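Here are the chains, one letter per residue:
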Amino acid sequence: MDSRTRILELFRRREGRFVSGEEISRSLGVSRTAVWKQIRSLRDIGYDIEAVTSKGYRLVQSPERLVGEEIQAALDTETVGRKVLCFDELDSTNVLACELGDKGEPEGTVVLADRQHAGKGRLGRSWESPAGVNLYASILLRPQIPPWNAPQLTFVSAVATAETIAEMHDLPARVKWPNDILIGGRKVAGLLNEMSGESERLNYVILGIGVNLNMDADQFPDALRNPATSVALAKGEAVSRLAFVRALLKSIDSLYALYLEQGFDPVRRRWEACCDLVGQRVEVDQQGRLACGTVRGVDADGALLLDTPAGELRVLAGDVRPLKRPEA
Ligand code: BT5
């Protein structure tokens, strides 16, 4: 657990009363100056913390909580956000959204959590999900499309996430196939889409989206597979989670409508416009099997197309790493 979360836990246990700087520093095993730094960073992300010399610190108010009604207020979407369910803590928003999908919940329902204690990445990996700072969202959709087209919806969430970060915060957010959003080569968001269906019929798709909004550098574990960042770190100031989630839901709603109306092609073109990989040499790791080639784009199934010395390669799943030096 990171220092900020531990301080917040102390405040919560004290229920609005003062906690001395001495007590925080003892409980965290850090200096009083380090405590003061953490208090300042909590204030930066919207916590109202009173400091009184002889008494210590007191949590006056937490930053905007994500409240379903507030997110939905005048949201003006067709499908996404018809219902918004917010939880303080879940194992994973995707797990709950899948359970709701299995129970027949209509499309457009959004599940949000302030914190996940078992946030999921792909292939059994985990997603760091500390409290109070980020966005963890899962959106339930029931498009009338064949199950083999479901991976196309990953591109809907990728474009919406990258465009929302870029447009709201004026940051160069780029997509990396299949499911990463990067700023300056650092991962700022990850996508995990899951589906349920039979051989010919799609039951539902869950768009799982994790965006690092106000996460601080010391909240990232040391052993991440790739360098990571947050919108606040890239921008140099804390951002509003509420405004971001509203903008993201609107963007997904309009891209989803475009997809249902005009098919995958316009989404694919928007995705390619957000992607630096086209024309680059990359290495693709397909669970240990490596392939190198130059990216041509993505095809109608969302597969990555590579030109390789052995001809064209279609990659349906894997991790892509750009190669720095061109082939001799
Ligand atoms: C992903 O997997 O990028 C998909 C992440 C999806 C998270 C959302 S949150 C809402 C919804 N509910 C869930 O339970 N999940 C979804 P992958 O490409 O496998 O990347 C996972 C890897 O990224 C990990 O193995 C770490 O190395 C790294 N990582 C973990 N947490 C991170 C974070 N917060 N920011 C950046 N990188 C992270």
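Please read these numbers as outputs of a predicted model, since none were measured by experiment.

1. Quick look at the sheet that holds strand 6 (residues 173-176)
Consideration 1: The 7 strands lie next to each other as 3-4-5-9-8-7-6, forming an open sheet whose pairing is mixed. The two strands at the open ends of the sheet, each matched to only one other strand, are strand 3 (83-90) and strand 6. Recorded for the sheet is a direction-independent mean angle of 20° between the axes of neighbouring strands.
Consideration 2: As defined by bridge partners, strand 7 (residues 180-183) adjoins strand 8 (residues 186-197) across 4 bridges and the pair is classed as antiparallel. Each bridged residue has a counterpart across the sheet, and for aspartate 180 the counterpart in strand 8 is glycine 190.
Consideration 3: Relative to the sheet, helix 6 (residues 152-169) contacts strand 6, strand 7, strand 8 and strand 9 (202-211), its axis offset from that of strand 8 by approximately 150°.

2. Describing the packing of aromatic side chains
Consideration 1: Enumeration according to the criterion identifies 3 aromatic pairs in this entry.
Consideration 2: Summarising the aromatic geometry, the rings of tryptophan 36 and tyrosine 57 are spaced 6.4 Å apart at their centres and angled 15° between planes, so their arrangement reads as stacked. Taken together, the positions of tryptophan 36 in helix 3 (residues 32-44) and tyrosine 57 in strand 2 (residues 56-61) put the pair 21 residues apart, joining distant regions of the chain.
Consideration 3: An angle of 70° between the planes, with centres 5.4 Å apart, marks the rings of phenylalanine 155 and phenylalanine 264 as edge-to-face. Within this pair, whereas phenylalanine 155 is found in helix 6, its partner phenylalanine 264 is found in helix 9 (residues 264-273), the two being separated by 109 residues in sequence.
Consideration 4: Accessibility expressed as a relative area gives 3% for phenylalanine 155, which makes it buried.
Consideration 5: Residue classification places phenylalanine 264 among the buried positions, given a relative accessible area of 8%.
Consideration 6: One aromatic cluster is present, built from ring pairs that chain together Phe155, Phe264 and Trp271.

3. What about the nonpolar core?
Consideration 1: Counting residues in each nonpolar core, the largest one holds 61 residues, and the members touching the most others are Leu135, Ile165 and Ile181.
Consideration 2: Here this core gets 9 residues from one element, more than from any other, and that element is helix 8 (residues 241-262).
Consideration 3: When neighbours within four sequence positions are excluded, isoleucine 181 is seen to be in contact with Ala158, Thr161, Ala162, Ile165, Ala173, Arg174, Val175, Arg186, Lys187, Val188, Ala189 and Leu191.
Consideration 4: Counting residues in hydrophobic clusters, the runner-up holds 16 residues, among them Ile7, Leu28, Val35 and Val133.

About the thresholds
Residues numbered from 1 in each chain as written. Predicted model: local features only at pLDDT ≥ 70, side-chain atom pairs only at ≥ 80, totals over all residues. Heavy atoms only, no water. Pairing = 2+ DSSP bridges. Helix = DSSP H or I, 4+ residues; strand = E, 2+ residues; numbered from the N terminus. Axes fitted to C-alpha atoms, helices over the stretch in contact; angles between N-to-C directions. Contact = heavy atoms within 4.5 Å. Phe/Tyr/Trp six-rings, centres within 6.5 Å; stacked < 30°, edge-to-face > 60°. Buried < 20%, exposed > 50% of the residue type's maximum accessible area, 1.4 Å probe, protein only. Core = buried A, V, L, I, M, F, W, Y, C linked by side-chain atoms within 4.5 Å.

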